[in-house]
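Examining the three-dimensional arrangement
Chain residues, written in single-letter form:
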Amino acid sequence: MLSLFVGVFCHFSCAGAPISTPENNLNIVNLPSGYSLLTENEIAWINNQKVIVHGVLKDHEPFEYIDKNNTHLGLASEYVKIFSSQLGVKFKIVAVNHFHELVGMMQRGDIHTASYLPKSELSGIVFSQPVVQVPIVIYGRQDAPSVTGLSALINEDIAIEYPSRASALLPKAYPQTVFHVVSSPQEGIVAVLSGEVDVFVHNIFSIEYYRRKLGLEPLKIVSATPYSYDIRFSANSNYAPIITIIDKIVADLNEREKRIIFDKWVNVTVASETDFMMITLWGGALLFIITLVFALVLSWNRQLQNTVALRTKEIEGSREEVRQLAHHLEQVREDEKAELAREIHDGLGHTLTDLSMSIRSLIHRLAKEDLSAAVSAVLDQHLSGIKVLVREASGTSRKIICDLHPSILEDFGLFAAIEWLGQEFESLHGIACTVGGDITPVSLSKEARITLFRIAQESLINAARHANAKRVSITVSYDDCHITLQTVDDGDGLSASWGEKQHSFGIKGMRERVQALKGTISFGNGELGGTKLSVSLPIQSD
């Protein structure tokens, strides 16, 4: 959701005009890409800087922090990587605990630059133009009415974080207002959702980051404010030239590139870590429990061997437990596939985007150089080949993501997802596939949508691999209480002994999925030959 606000609220600095690289004897292929923006004096200054010591605050997530692997992360870290890449300079990260410690080390010259120091009148320190401007807004619950600003909030309880940009500005601007102080964005979000306060004034980036990270309900922006939270780079005055250079590089980034960086840290997912010691302990405990249960079951069976009816009841109960366990494992598998698809999208997708950006920057760079026709032709050929490879990699990653967990199922519903599945099947196997029926949107549970989609997917696979079919049709229909999915192909049909096969796990898996949702499934031969499958599930929304 937040990416929709970036274009409106998140204003990035775009000051300064690029300056062409001066004529010199350097090999243009070996120059960092950012040199094309700099003056001759700036290039000479950069060439004299082997290492720039960069100060980082340890715990100011999501803007800047150091993780347990001692890695510099957060929104500001992305810009440090860009500056290092485009200037060919190594930034040595030095982590500090507090702002006053960072200021002291910068003034002494122990630290050359910093990426998260609020602008103020500090001797010996200079600041860049805003690299990022994050709007400060007023958040309320989903049912809260929109207002025209803070002055319209008369009887409402207003929360602000201390210390923060809001706490530095609002008490001075609104001296008559009594503010409820919280110690963190997380506390402010929870205070609004619980009803402890009515609104929370904070920057939009931190609120969305922590809300998604903690899995909390969405809040509503009830009003904007005239204030913003500016992220600037700073430097010791002896390193003042780096500030002008940074301003030029930021100005050269286009809005799409900035938005990618912004969205990467808003669309956060919490990575789960594997604790092998805990798995071992729980595995041992589970094995002990299973062994104990098994021993108890044997004992009970020996004691109740003459009570056939009771034994039968126990066995049926065990079957139901196994069915529930299988259903649970299937849900876990689907969740893992969805998580894997998101990780591929966030990881590989951003990598491919960064690669595309680098190719574009190189093409832009080479276009300005006076190269011979032969060299230019060779470079064009290689760059064209690289672009083709990037496009193919993007297509492959999208196919893998769709196979793992097609987002169209969640975004556009079951019917659209099955239409897409049929088109993909027809394109891949050359077998005609038609999808029809009632396209009226129906509220279905997530489990029901996934079950019907996977069954349609399995039936198409069977038609391609085993049925020798030339045509397949899929029909979706509804009544007041049930949704029905039917697939029919014109292939060989089912043999008389198909139900006696010992390893028909695909069909068994379909049955288990449907029974777990209290539905029905049937297999048979169609009126004109071929296989006919029909599934009916009760309509239940999430």
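Running from N to C, helix 2 (residues 40–47) and helix 8 (residues 241–252) point in directions that differ by 115°, and their axes come no closer than 10 Å. When the interaxial angle is binned, helix 2 and helix 8 end up roughly perpendicular. In this structure, helix 2 crosses over helix 8, and the sense of that crossing is left-handed. Facing Glu42, Trp45 and Ile46 of helix 2, the residues of helix 8 in contact are Pro241, Ile242, Thr244, Ile245 and Lys248. Partitioning the contact of helix 2 with helix 8 into residue classes produces 5 nonpolar, 1 polar and 2 charged.

With that settled, the discussion passes to the packing of aromatic side chains. Tallied over the full model, the rule gives 9 aromatic pairs. With centroids separated by 5.9 Å and ring planes inclined at 85°, the aromatic side chains of Trp45 and Tyr239 adopt a geometry described as edge-to-face. Of this pair, Trp45 sits in helix 2 while Tyr239 sits in the loop between strand 13 (234–236) and helix 8; the two residues are 194 residues apart in sequence, bridging distant segments of the chain. Both residues of the pair, Trp45 and Tyr239, count as buried. The interplanar angle of 45° and the centroid separation of 6.4 Å between the aromatic rings of Tyr79 and Phe83 together place this pair among those described as tilted. Here Tyr79 and its partner Phe83 are both found in helix 3 (residues 75–87), 4 residues apart, which amounts to about one turn of the helix. For the pair formed by Tyr79 and Phe83, the shared burial category is buried. In this structure an aromatic cluster arises from ring pairing among Phe63, Phe99, Tyr116, Phe205 and Tyr229.

Moving on, we get to the pairing of strand 8 (residues 132–140). Taken across its 9 residues, strand 8 has 9 buried, putting it largely inside the fold. Burial along strand 8 is two-sided: the residues Val132, Val134, Ile136, Ile138 and Gly140 and Gln133, Pro135, Val137 and Tyr139 are all buried. As judged from the 5 bridges shared by strand 8 and strand 11 (residues 199–203), these two strands associate in the antiparallel manner. Its bridge partner being in strand 11, Val137 is matched across the sheet by His202.

Inspection of the entire model under this criterion finds 9 salt bridges. A salt bridge links Lys248 to Glu42; the shortest N-O distance between them is 2.9 Å. With Lys248 in helix 8 and Glu42 in helix 2, the pair connects residues that are 206 residues apart, well separated along the chain. Here Asp198 and Arg141 are joined by a salt bridge, their closest N and O atoms 3.6 Å apart. Here Asp198 is found in the loop between helix 6 (185–194) and strand 11, whereas its partner Arg141 is found in the loop between strand 8 and strand 9 (158–161), with 57 residues between them in sequence. A relative accessible area of 24% means that Arg141 is categorised as partly exposed. Counted as one network, the salt bridges with shared partners bring together Glu208, Arg211 and Arg212.

Calculation rules
Residues numbered from 1 in each chain as written. Predicted model: local features only at pLDDT ≥ 70, side-chain atom pairs only at ≥ 80, totals over all residues. Heavy atoms only, no water. Axes fitted to C-alpha atoms, helices over the stretch in contact; angles between N-to-C directions. Helix = DSSP H or I, 4+ residues; strand = E, 2+ residues; numbered from the N terminus. Parallel < 35°, antiparallel > 145°, perpendicular 65-115°, else oblique. Left-handed = near helix turned anticlockwise from the far one by under 90°. Contact = heavy atoms within 4.5 Å. Nonpolar A, V, L, I, M, F, W, Y, C, P; charged D, E, K, R; others polar. Phe/Tyr/Trp six-rings, centres within 6.5 Å; stacked < 30°, edge-to-face > 60°. Buried < 20%, exposed > 50% of the residue type's maximum accessible area, 1.4 Å probe, protein only. Pairing = 2+ DSSP bridges. Salt bridge = Lys/Arg side-chain N within 4 Å of Asp/Glu carboxyl O.

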